[in-house]
Amino acid sequence: MTSAGFTLFDTAIGRCGIAWNGRGITAVQLPERSDERTRGRMTRRAPGAVEAVPPAPVAEVIEGLVRLLDTGRGDLSAVALDLDGLPAFDRDVYAVARTIPAGATLSYGTVAERAGAPGEAREVGQALGRNPFPLVVPCHRVVNSDGQLGGFSANGGTATKRALLAIEGAAVAPPTLF
């Protein structure tokens, strides 16, 4: 990959963003209320990156993201990510999350156990809340042990999480009213 850049691209859920550098993808952004907000989020998440035409490897990742959001199918687990500067715990959590196939879910507790940190479900949720690579690191596929969605830090919150899981055909518990 080439120097640091970012671009916005159209998907079935709106305009997303992606940033990259010479080591891999540095950020993925789900749609905001406007292109300006999405672009602003990208410049904050990828300081120094300039809006550019993506190089071929990034274009392939974009195609995979578009396909996932259009069909609910796709495997992004081999996408090269730049994990420099991320805490080791977050890296471990992201590695586990990347093993969850489209249409499936794992609980925060199960992710904690698989990441070598049993009993740290809350910390898993915090790490996923910091996830700079949504969809590539499919944090939306991690739910509470009772099947409830839990949190989601992207624009739209749990409604967006529920929509992403619906696109993939994942079975999730209906929301609790009380």
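Quantities reported herein were computed from a predicted structural model and do not represent experimental measurements. (Residues numbered from 1 in each chain as written. Predicted model: local features only at pLDDT ≥ 70, side-chain atom pairs only at ≥ 80, totals over all residues. Heavy atoms only, no water.)

Quick notes on the sheet that holds strand S4 (residues 50-51)
Strand order in the open sheet made by the 4 strands is S3-S2-S1-S4, with mixed pairing throughout. Bordering the open sheet on either side are strand S3 (24-29) and S4, each of which pairs with just one other strand. Direction of pairing for strand S2 (residues 14-21) relative to S3: antiparallel, over a ladder of 5 bridges. Along S3, the bridge assignment pairs Ile18 with Val28. (Pairing = 2+ DSSP bridges. Helix = DSSP H or I, 4+ residues; strand = E, 2+ residues; numbered from the N terminus.)

What about the pairing of S2?
Across the 8 residues of S2, 6 count as buried, placing the element largely inside the fold. Inspection of the sheet shows strand S1 (residues 5-11) paired to S2 by 7 bridges, in the antiparallel sense. By the bridge assignment, Thr11 is partnered in S2 with Gly14. Linking S1 back to S2 in an antiparallel pair, the connection comprises 2 residues. What sits between S2 and S3 in their antiparallel hairpin is a turn of 2 residues. (Buried < 20%, exposed > 50% of the residue type's maximum accessible area, 1.4 Å probe, protein only.)

A few points about the layout of surface pockets
Its boundaries defined by the atoms lining it, the largest pocket holds a volume of some 150 Å³. The wall of the largest pocket is formed by 14 residues, among which Arg45, Asn131, Pro134, Ser153 and Ala154 lie closest to the centre. Those elements that provide at least two residues to the lining of the largest pocket are S3 and helix H1 (35-45). Split into classes, the residues belonging to the lining of the largest pocket amount to 6 nonpolar, 5 polar and 3 charged. (1 Å grid on protein atoms, 1.4 Å probe; cavity = no way out; pocket = protein on both sides within 12 Å on 5 of 7 lines; lining within 4 Å. Points joined across faces, edges and corners; volume = space filled by probe spheres on them. Nonpolar A, V, L, I, M, F, W, Y, C, P; charged D, E, K, R; others polar.)

A closer look at the nonpolar core
Formed by 38 residues in total, the largest nonpolar core has its most connected members in Ile18, Ile25, Leu65, Val93, Leu128 and Val136. Taken together, the elements giving at least two residues each to this core come down to S2, S3, helix H2 (56-71), helix H3 (88-97), helix H4 (108-114) and helix H5 (121-129). Of all the elements, H2 adds the most residues to this core, at 6 residues. In terms of nonpolar packing, the next biggest core, distinct from the first, is built from 7 residues, Leu8, Ala19, Ala27 and Ala46 among them. (Core = buried A, V, L, I, M, F, W, Y, C linked by side-chain atoms within 4.5 Å.)

Focus: the pattern of salt bridges
Overall, the coordinates contain 9 salt bridges when judged by the stated rule. With a closest N to O distance of 2.9 Å, Asp84 and Arg23 form a salt bridge. With Asp84 in the loop between H2 and H3 and Arg23 in the loop between S2 and S3, this residue pair connects regions lying 61 residues apart in the sequence. In terms of burial, Asp84 and Arg23 fall into one category: exposed. The salt bridge involving Glu51 is made with Arg39; its shortest N-O contact spans 2.8 Å. With a gap of 12 residues between them, Glu51 in strand S4 and Arg39 in helix H1 connect regions that are remote in the sequence. Judged by its relative accessible area of 42%, Glu51 falls in the partly exposed class. The partly exposed category is assigned to Arg39, whose relative accessible area is 28%. Through salt bridges with shared partners, a single ionic network connects Asp10, Arg15 and Asp35. (Salt bridge = Lys/Arg side-chain N within 4 Å of Asp/Glu carboxyl O.)

Remarks on the environment of Ser107
By the element assignment, Ser107 lies in strand S5 (residues 106-107). A relative accessible area of 14% places Ser107 in the buried class. Between the C-alpha atom of Ser107 and that of Glu32, which follows or precedes it by 75 residues, the distance is 27 Å. Once residues lying within four places of it in the same chain are set aside, the contact partners of Ser107 are Val142, Val143, Asn144 and Ser145. (Contact = heavy atoms within 4.5 Å.)

A short note on H5
Along H5, the residues that are buried comprise Val124, Ala127 and Leu128. The buried residues of H5 all sit within an arc of 95° when viewed along its axis, so they share a single face. Against H3, H4 and strand S6 (142-143) lie the buried residues of H5. (Arc of directions from axis to C-beta.)

Structural measurements only, silent on function.
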